[in-house]
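Notes for the structure review
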Amino acid sequence: MIWAILMAWLVGAREQINEDQARDAVHWVSDNLGIQHHDLLQAAGFIGHPDAPNQTLDEAVAHYGNPVAFTLYMVLLCGGLVATVGKADPDWLKQFDLVS
């Protein structure tokens, strides 16, 4: 279930943000949390980062070695989006919630 929520947030954001905003989110996570930029790029394709590899969900998970590690990177990207695009308001993500 958590994957569905995170993917909805990331893919939903991708529909509304531009490439510069995707870059800003990745840079924010890298600069503020000390995460390697290259590692973030493996998941950043889901938010439309222009330098991210074009890969499937399975390929992204395989890159990180396990689903838990990939989940962490999705959470970090959500945080970067909130910090940069969402003006530090976590409720910003709610607009991308799945509708039942």
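Our structure's up above, just so we're on the same page.
Residues numbered from 1 in each chain as written. Predicted model: local features only at pLDDT ≥ 70, side-chain atom pairs only at ≥ 80, totals over all residues. Heavy atoms only, no water.

Here we come to the side chain of His 49. Tracing the sequence through the fold places His 49 in the loop between helix 3 (37-44) and helix 4 (57-64). Among the polar contacts listed, one links the side chain of His 49 to the backbone nitrogen of Asp 51, at a separation of 3.1 Å. In this structure, His 49 is in contact with Ala 22, Arg 23, Val 26, Leu 41 and Ala 44, ignoring residues within four places of it in sequence. (Helix = DSSP H or I, 4+ residues; strand = E, 2+ residues; numbered from the N terminus. Polar contact = N/O pair within 3.5 Å; in protein donor to acceptor, adjacent residues only side chain to side chain. Contact = heavy atoms within 4.5 Å.)

This part covers helix 2 (residues 19-33). The terminal C-alpha atoms of helix 2, which comprises 15 residues, lie 21 Å apart, in line with the 21 Å expected from a rise of 1.5 Å per residue. Turning to helix 2, its buried residues are Ala 22, Ala 25, Val 26, Val 29 and Ser 30. Around the axis of helix 2, the buried residues are gathered within 125° of arc, so they sit on the same side. Buried-residue contacts for helix 2 involve helix 3 and helix 5 (67-84). Between the side-chain oxygen at the start of helix 2 and the backbone nitrogen of Asp 20 there is a gap of 3.0 Å, and the oxygen is on Asn 18. One or two steps after helix 2, the chain reaches Gly 34, where phi turns positive at roughly 70°. (Expected span 1.5 Å × (residues − 1). Buried < 20%, exposed > 50% of the residue type's maximum accessible area, 1.4 Å probe, protein only. Arc of directions from axis to C-beta.)

Bringing the side chain of Gln 55 into the picture now. Tracing the chain through its elements places Gln 55 in the loop between helix 3 and helix 4. A relative accessible area of 19% means that Gln 55 is categorised as buried. Separated by 2.5 Å, the side chain of Gln 55 and the backbone oxygen of Gln 42 make a polar contact. Excluding its chain neighbours within four sequence positions, the residues that come into contact with Gln 55 are Gln 42, Phe 46 and Ala 60.

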